[in-house]
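Working through the structure, step by step
What follows is each chain in one-letter form.
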Amino acid sequence: MWVIPENAQKPADARIKVSATTRKPTSPIKKARKALRAISSTAYRAARMDGTPPSDAKKAVMALFASELIEHVLETPSENMVERIHALFGVNAQLPPPVSANVRKLFSNFLHEHPFCFDDALSWAYQYLNKLSKDMGLEATQFFTEKYMITALVDRCHIENGTGKILDPACGGGNFLLYALDYLCDSSRLPTETALPDYVHTQIKRLYGYELDPTLAFIASVNLRVKALSIIKEHGYAVTAEEFFSKIPDIYCSVKDNIEGALDIEPSSHLVKKAGTEQTDTLASVLSSAEYIFTNPPFQTVKGMDGKQKAFLKDNFPNAKCDMCNAFIEFVLSALADDGICGMVTQNSWMYLDSFEQLRVSLLKRYSMKSIIELGSNAFYDLSGEKANVALLIAQNTRPNSETSIATYSLKHLAQAETERLLSSGNGVGGHRVFLCQLEVLKQPGARFGMLGTSRTQFLQSSCPAYGEYAIPMQGTSTGDSKTLVGYFWEHIGDADWRPVSKGGGYSRWLGLNSYSVKWGKDGEFIKETQGSAIRNAKYFNETQLVFSDTGTAGLNVRLLREGQIFIASGPGIRVAQGDYLSHIAFLNSRFASYFIRLLSPKLTIAAGYIAKIPVLDELLSSGTLAEFARTCIELKRDRLSKRPIYLEYKPLTDIGEPTTLDKQARRWFLKDIEDEWLQLRAEKEIDRLILDAFDLTDTDRENLNAQVGCHALDIGGSKSLSINELDGAISDLLSANCMLNRTRSDKNHLGCDGVLEFLAHKNSVSPNKIYRTVSKNVLGFKKTLAKYKDAYIHSVVLSALGYSTEALPRELPESKLLEEISLRFPNLTSELDVITEWVQSSLTAFHKAAFLNTPLIYYSAEHNAVELPRGQVWGKQTMRSALLQTH
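My aim in this report is to walk through the structure given alongside it, one point at a time. (Residues numbered from 1 in each chain as written. Predicted model: local features only at pLDDT ≥ 70, side-chain atom pairs only at ≥ 80, totals over all residues. Heavy atoms only, no water.)

In terms of helices and strands, the protein chain carries 34 helices and 21 strands. Here the C-alpha radius of gyration of the protein chain, 31 Å, is about what a compact globule of 888 residues would show, namely 29 Å. Relative to its 888 residues, the protein chain shows a buried fraction of 57%. Excluding contacts between residues fewer than 6 apart, the proportion of contacts in the protein chain whose partners are at least 24 apart in sequence is 75%. (Helix = DSSP H or I, 4+ residues; strand = E, 2+ residues; numbered from the N terminus. Rg over C-alpha atoms; globule rule 2.2 N^0.38 Å. Buried < 20%, exposed > 50% of the residue type's maximum accessible area, 1.4 Å probe, protein only. Contact = heavy atoms within 4.5 Å.)

Moving on: the packing of helix α25 (residues 662-694) against helix α28 (residues 756-764). Closest axis-to-axis distance for the α25/α28 pair is 8 Å, and the angle between their directions is 65°. In this view, α25 runs roughly perpendicular relative to α28, as classed from their interaxial angle. Mapping the contact onto sequence places I674, E677, W678 and L681 in α25 and V756, L757 and E758 in α28. A breakdown of the residues in the contact of α25 with α28 according to their chemical character gives 5 nonpolar, no polar and 2 charged. (Axes fitted to C-alpha atoms, helices over the stretch in contact; angles between N-to-C directions. Parallel < 35°, antiparallel > 145°, perpendicular 65-115°, else oblique. Nonpolar A, V, L, I, M, F, W, Y, C, P; charged D, E, K, R; others polar.)

Turning our attention to the pattern of salt bridges. Scanning the entire structure with this criterion turns up 34 salt bridges. As a salt-bridge pair, E649 and R562 come within 3.8 Å of each other at their nearest N and O atoms. Here the residue E649 occupies a position in the loop between α24 (624-641) and α25, and R562 occupies one in the loop between β17 (558-560) and β18 (566-567), the gap between them amounting to 87 residues. On the basis of relative accessible area, E649 is assigned to the buried category, the value being 4%. When salt bridges that share partners are traced, they join D639, K643, R644, K672, D673 and D676 into one network. (Salt bridge = Lys/Arg side-chain N within 4 Å of Asp/Glu carboxyl O.)

Before going further, it helps to examine unusual backbone geometry. One non-glycine residue, K321, lies in positive phi territory at about 55°. Of note, K321 is situated in the loop between α12 (307-316) and α13 (324-335). Unusually for a residue other than glycine, L853 sits at a positive phi of about 55°. Here L853 is to be found in the loop between α33 (844-851) and β20 (859-861).

Counting 180 residues, the largest nonpolar core has W350, M369, F449, L556, F587, I614 and F695 as the members making the most contacts within it. Filtering out sequence-adjacent residues up to four positions away, I614 remains in contact with P465, A466, Y467, L556, F587, A593, F596, I597 and L600. If you look at the next biggest cluster of nonpolar residues, it comprises 101 residues, including V103, F107, Y126 and I251. (Core = buried A, V, L, I, M, F, W, Y, C linked by side-chain atoms within 4.5 Å.)

Another point: the sheet that holds strand β16 (residues 546-548). The 4 strands lie next to each other as β12-β19-β16-β17, forming an open sheet whose pairing is antiparallel. The open sheet terminates on both sides in strands that have one partner only, identified here as β12 (471-474) and β17. On average, each strand axis in the sheet is tilted by 30° relative to the strand beside it, whichever way the strands run. Judged from the 2 bridges that link them, β16 and strand β19 (residues 573-576) form a sheet pairing that is antiparallel. The residue bridging V547 from the neighbouring strand is G573, located in β19. (Pairing = 2+ DSSP bridges.)

Right, let's get into the sheet that holds strand β15 (residues 516-519). As summarised here, the arrangement of the 4 strands in space is β13-β15-β14-β18, forming an open sheet in which the pairing is mixed. Each edge of the sheet is formed by a strand with only one pairing partner; in this case those strands are β13 (486-488) and β18.

Because an α-helix completes one turn every 3.6 residues, residues spaced three or four positions apart along the sequence face the same direction. Along α12, the residues that are buried comprise Q309, F312 and L313. Viewed end-on, α12 has its buried residues packed into an arc of 95°, placing them on one side of the element. Along α12, the residues that are exposed and aim more than 90 degrees away from the buried face are K314 and D315. Buried residues along α12 sit against α13. By the N-cap criterion, in which a side-chain oxygen at the helix start approaches the backbone nitrogen of a residue two or three places on, α12 is capped by D306, the distance to K308 being 2.9 Å. (Arc of directions from axis to C-beta. Polar contact = N/O pair within 3.5 Å; in protein donor to acceptor, adjacent residues only side chain to side chain.)

Right, here's the structure in full:
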């Protein structure tokens, strides 16, 4: 009744549709949320039309929504329902009757069209309105719990076995409490000797909630009352408006504004009032002696945190390290009655990061961890990407002993729909379970949870030398103002103050991402003058061989540091102390290394310290075989990058020495790129094989590794038939103007991809060998892709003729004209001058702007019929038209 499954249907056509953006079925919940967001926005704009302040407009809309929700369950409408609800919400001025009627109709239609959203529609509508009104200052941390998370926690805690208080100390719209009531009043649990209405109200008396936001606390109160009425109504009893107003649940908010909320260390003097009333009590009374606590606390870290709140957390929850969620974990466990049980939605960083070691130690020594379910990123419907790595925690206020085991489940590699199905049904979730002895976790380095690993990987972690014994991963310099001090290298060619820099910020193995320079001056003088900057490890620039991207969502990706290049915070360095730097880069670009990074740290960024902890073998870091495979990968990658003018690896074009056409050159470039990537994948596969064999990983270990970071592309054996047109469209869609892969991750479960073969293999479960052979044998059929390559080739021809290189800006050509220069430089392309002329006049400006990432060096001026600099300079004294005439 809580989870609506995705109704995906397989296509009748047996062929695979190889598409870079395969369309997935829309989740009913996502569809409903989108509709609710639109309705909330429409209602809010209507409420604000006459100048009503944001807070009043929000309350007016919520009052109308709440009125409609209540009347949705009543037998007969209440004459003064709207007025009474407006009063309880504290609405100063109601909306005009026509507007109110329209708002209520919108919400009523939504409830009829999406009945499965009945319980939480008010909560989500309020969240969407908060994003618009921004009057509370809680928008960034106020995010409500998905139903499948709620059911997974409540179902596993067996609240029917107790009789005491069930508490949510950060209750939001009351969704945990709603499901707890639903669970307790399930038909299978109803007593025969008690009348249902009395039983429902008895169970409501077990439920307590506190919420920092007073309006939201009242919404929770409304939701819980409506839930009680709907349960009673479902069992055949009549319900009235008076029952709604007379049965007031124990949902509380603070009498005075505060930042501490439920974390207040002096709860006995913290006055609270029951939502919708003036009845007061103390926070201590509300929060004390809870038999069960369920909550989804705010996810807020020190970044952007208010100074007062930061000081409060530092003083009172030092182990939390200014992480609000971690502070709530400490508080909730301490607030439980003896033997009490809690179920919490947490961020999983508390289980892994070095900075939270003391927190882990204190919790593991004092409380019994019953279950941890890692959901990873994309666990929330309304939060995309890696914004929150989620873990569901169930713990008990009992001292652990040698028999205490933690049931851990790693579901982070699964699609959200599959995670919901497993948690809702329970069928098959045991296949993802690993039991950890709690006291053994305490003995692990850093008391870190090894729930993703196996006994073998845990053994490797404890028995093998750490990578930090052979190399020094280092932090990079923080500029303090990257917008001013970091730019594309072509913007600063010839300026001695600017130096090439490893910026990172993306995914690329072996080589790449070298499009940037930094304003360094002498010894970082410009950075030193910038507030918030920090020069780090500058004395090691000349001794550093490798750099990596600190963004960790796509996995560890390591590249060579170019001669004369420095590194900053987002593209930190690695200084090799022992072994062959090529063997090092091979090891670090292996799936094994990325797997261990994910075991060690769930953060969105890869810190240098975690790279240093990857287990390694001495013979791998000095392996001549690994070094040769790495050299192969580097040269293959360099060949691809040398054709792209926005990378420092770019080499201006020269004549190929035989008559040719633009179409032939486009085909050559395309086929060479595909072949280079294919050979790189083969070399990387050998690197993987050597490393996994060296660590003697079992089949189970390898399956676990594949589940967490994806299999190697060459292990994908799909043999589905390929449509040339569909494959052409998919490749073309994946290519940027420079014909480089413009998306690096096929989905959240895989590491980043370094080319189209790898991406499409993972995205569509098709053998890359099959894709490679299909392209090689049918290249003329790839019309869209070849058209992109032709544009890129002509662009490079023009830039080369203008004298552009990574060290020289396009120069003026005072005597010879562009076409003459092309004729001189590329005598075997003279048959294509008309085509090039047409391309320059019709396509150069837009293409060059896209290729140079909206920071162009040149453009075509129709007025002067010339290629010009953006600052207005014209190439040469004659126009292109006269140059063309002279050439012919």
